[in-house]
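Listed here are the chains, written in short residue letters.
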Amino acid sequence: MILETLKPQVSAIISNNKIDKNERLLNICQLLEKNIAYYNWVGFYFRNGEKEELLLGPYVGAPTDHTVIPFGKGICGQVAVSNENFVVPDVAAQDNYIACSITVKAEIVVPVFVNGENIGQIDIDSNTPDPFTEADERFLEFVCAQVATIL
């Protein structure tokens, strides 16, 4: 499975101390978007200090107007509050969905924890209906655990 083969590459990006944190995060976004056909927008959001809002970090995909997301709003904002993965097989059926693009059909958001605190998340949009499996969740949990080591 492609997800398993990407794990060593994710680890290699994280351990590359020659580039700064944001460049490593961008490289992870690029790796995932390029190698997983149904990952069409890949990005990170991080808590804005003590404010109850998320700020857009490095990402790849179509530009987005959603650079600040209040806690509780949209899928990302809900994950900031729930501290749990959120898989949306059909964004049209989700009441609290913030539409980024009419082409997006599904979304998955997995939190990043540092010392037990939810400090951000990886957010992935897909133009394919219901593409995300438990394997995606486990893989993205691995990615987030790796990312947490540099934050």
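Look up a bit, the structure's there.
My aim in this report is to walk through the structure given alongside it, one point at a time. Worth saying up front: this structure is predicted, and the values here are computed from it rather than measured.

1. Section: unusual backbone geometry
With a phi angle near 65°, Asn83 is a residue other than glycine that sits in the positive phi range. Here the phi dihedral of Asp130 falls at roughly 45°; this positive angle occurs in a residue that is not glycine. One can find Asp130 in the loop between strand S6 (117–126) and helix H4 (134–148).

2. A few points about the environment of Gly43
When you line up the elements, Gly43 lands in strand S1 (residues 41–47). C-alpha of Gly43 to C-alpha of Tyr59: the two residues are 16 residues apart in sequence and 3.8 Å apart in space. Residues contacting Gly43, with those up to four places away along its chain left out, are Cys29, Pro58, Tyr59, Gln121, Ile122 and Asp123.

3. Description of the packing of helix H2 (residues 21–35) against H4
What describes two packed helices is the angle between their axes and the distance between those same axes. Packing of H2 against H4 leaves a shortest axis separation of 12 Å and a crossing angle of 165°. Here H2 lies roughly antiparallel to H4, going by the angle between them. The interaxial crossing formed by H2 with H4 has right-handed handedness. Together, Leu25, Ile28 and Leu32 of H2 and Phe139, Leu140, Val143 and Val147 of H4 make up the contact between the two elements. Partitioning the contact of H2 with H4 into residue classes produces seven nonpolar, no polar and no charged.

4. Points about helix H3 (residues 74–82)
Every buried residue belonging to H3 is among Gly74, Ile75, Cys76, Gly77, Val79 and Ala80, and all of these are buried. The elements touched by buried residues of H3 are S1, strand S2 (53–60), strand S3 (68–70), strand S4 (86–88), strand S5 (106–114) and S6. Looking one or two places after H3, you find Asn83, whose phi comes out positive at around 65°.

5. Some thoughts on the environment of Leu140
Relative to the helices and strands, Leu140 is located in helix H4. In this structure Leu140 comes out as buried when scored by relative accessible area, which is 0%. Not counting residues within four places of it along the chain, the set of residues in contact with Leu140 comprises Leu32, Tyr39, Ile108, Val110, Ile122 and Ile124.

Conventions and cut-offs
Residues numbered from 1 in each chain as written. Predicted model: local features only at pLDDT ≥ 70, side-chain atom pairs only at ≥ 80, totals over all residues. Heavy atoms only, no water. Helix = DSSP H or I, 4+ residues; strand = E, 2+ residues; numbered from the N terminus. Contact = heavy atoms within 4.5 Å. Axes fitted to C-alpha atoms, helices over the stretch in contact; angles between N-to-C directions. Parallel < 35°, antiparallel > 145°, perpendicular 65-115°, else oblique. Left-handed = near helix turned anticlockwise from the far one by under 90°. Nonpolar A, V, L, I, M, F, W, Y, C, P; charged D, E, K, R; others polar. Buried < 20%, exposed > 50% of the residue type's maximum accessible area, 1.4 Å probe, protein only.

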